[in-house]
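As a plain string of letters, each chain reads:
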Amino acid sequence: MRTTSGDDEGRFGVGLAMPFGFASTDLKQATGTRLLEMDLTLEVGTKRGELPWDMHRGSRLHLLKHTKVGKTARSALAGHLMQEALAFDNRIRVGTTEATGTGGELQVSTAYSERRYNGSGGEGRIDYEVPA
């Protein structure tokens, strides 16, 4: 995933960096836009129903993997499923989505804009490859 917004240190708090790794004395941490990117990727990468404490969270993008629909319909379905998966995250507004790929490969790219308290907002893009 990549983003085009600037990183305001500590804007979204502090969390564990993914993939997990060790810094000098503890696990690596992330802040700002980097933390937001990792949170969004984790939300989209978690299948709906995998979290026993909240069965409504997660994504159903894996259902698009082997569908036989046209390019326009696939992008529309991917956009709906991304909106559904990221509806719980109040830090962003989900924008347009494009789905590309043939056969068993599926890449989904979704634009988003950040919601900030001061009224400004950065923009970014989630690029996600749906696993088999």
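For clarity, every value in this text was computed on a predicted model and none was experimentally measured. Residue indices follow the written sequence of each chain, beginning from 1 at its first position. Predicted model: local features are reported for residues with pLDDT of at least 70 only, side-chain atom pairs are reported and counted for 80 or more only, and whole-chain, interface and lining totals are derived from all residues. Water and hydrogen atoms play no part in the side-chain values, which are based on all heavy atoms of the structure.

Turning next to the pairing of strand E6 (residues 123-129). Of the two faces of E6, the one lined by Gly-124, Ile-126 and Tyr-128 is fully buried and the one lined by Glu-123, Arg-125, Asp-127 and Glu-129 carries no buried residue. Pairing between two strands requires that DSSP report at least two bridges joining them. Numbered from the N terminus, helices here are DSSP runs of H or I no shorter than four residues, and strands are runs of E no shorter than two. The pairing of strand E5 (residues 107-114) with E6 spans seven bridges and is classified as antiparallel. Pairing of Ser-109 across the sheet is with Asp-127, part of E6. Whether a residue is buried, partly exposed or exposed follows from its accessible area with a 1.4 Å probe, protein chains only, as a fraction of its type maximum: under 20%, in between, or over 50%, in that order.

A word on the environment of Ala-111. Along the chain, Ala-111 turns up in strand E5. Through-space distance from the C-alpha of Ala-111 to that of Gly-124 is 5.9 Å; in sequence the pair is 13 residues apart. Contacts are assigned to residue pairs with any non-hydrogen atoms lying within 4.5 Å of each other. Dropping the residues within four chain positions of it, Ala-111 is found in contact with Arg-93, Val-94, Gly-95, Thr-96, Gly-124 and Arg-125.

What follows deals with the pairing of E5. Side-chain direction in a regular strand flips from residue to residue, so the side chains alternate between the two faces of the sheet. Taken across its eight residues, E5 has six buried, putting it largely inside the fold. Bridge count between strand E4 (residues 92-100) and E5: seven bridges; the pairing is antiparallel. In the sheet register, Thr-100 faces E5, and the bridge partner there is Gln-107.

This part is about the environment of Leu-61. Among the secondary structure elements, Leu-61 is positioned in the loop between helix H1 (32-45) and helix H2 (71-85). Exposure remark for Leu-61: the relative accessible area of 1% places this residue in the buried category. Through-space distance from the C-alpha of Leu-61 to that of Leu-81 is 6.2 Å; in sequence the pair is 20 residues apart. With sequence-adjacent residues up to four places away left out, Leu-61 is seen in contact with Val-44, Ala-78, Leu-81, Met-82, Leu-106, Val-108, Tyr-128 and Val-130.

We now examine the confidence of the model for the protein. Averaged over all residues, the pLDDT of the protein equals 79, while 81% of them reach at least 70. Scored from 0 to 100, pLDDT records how confident the predictor is in each individual residue. Least confident of the elements in the protein is strand E1 (residues 2-3), whose mean pLDDT is 43; most confident is E5, at 88. Scored below 50 in pLDDT, residues 1-7 makes 31 contacts in the model with residues more than four places away or belonging to other chains.

The term salt bridge refers to a side-chain nitrogen of Lys or Arg lying within 4 Å of a carboxyl oxygen of Asp or Glu. Taken as a whole and assessed by the stated rule, the structure comprises five salt bridges. Between Asp-39 and Arg-91 there is a salt bridge, with its nearest N and O atoms 3.1 Å apart. Here Asp-39 is found in helix H1, whereas its partner Arg-91 is found in the loop between H2 and E4, with 52 residues between them in sequence. The exposure class assigned to Asp-39 is partly exposed, which follows from its relative accessible area of 27%. Residue Arg-91 is classed as partly exposed on the basis of its relative accessible area of 21%. Taking the shortest distance from any N to any O, the salt bridge between Glu-43 and Arg-57 comes out at 3.0 Å.

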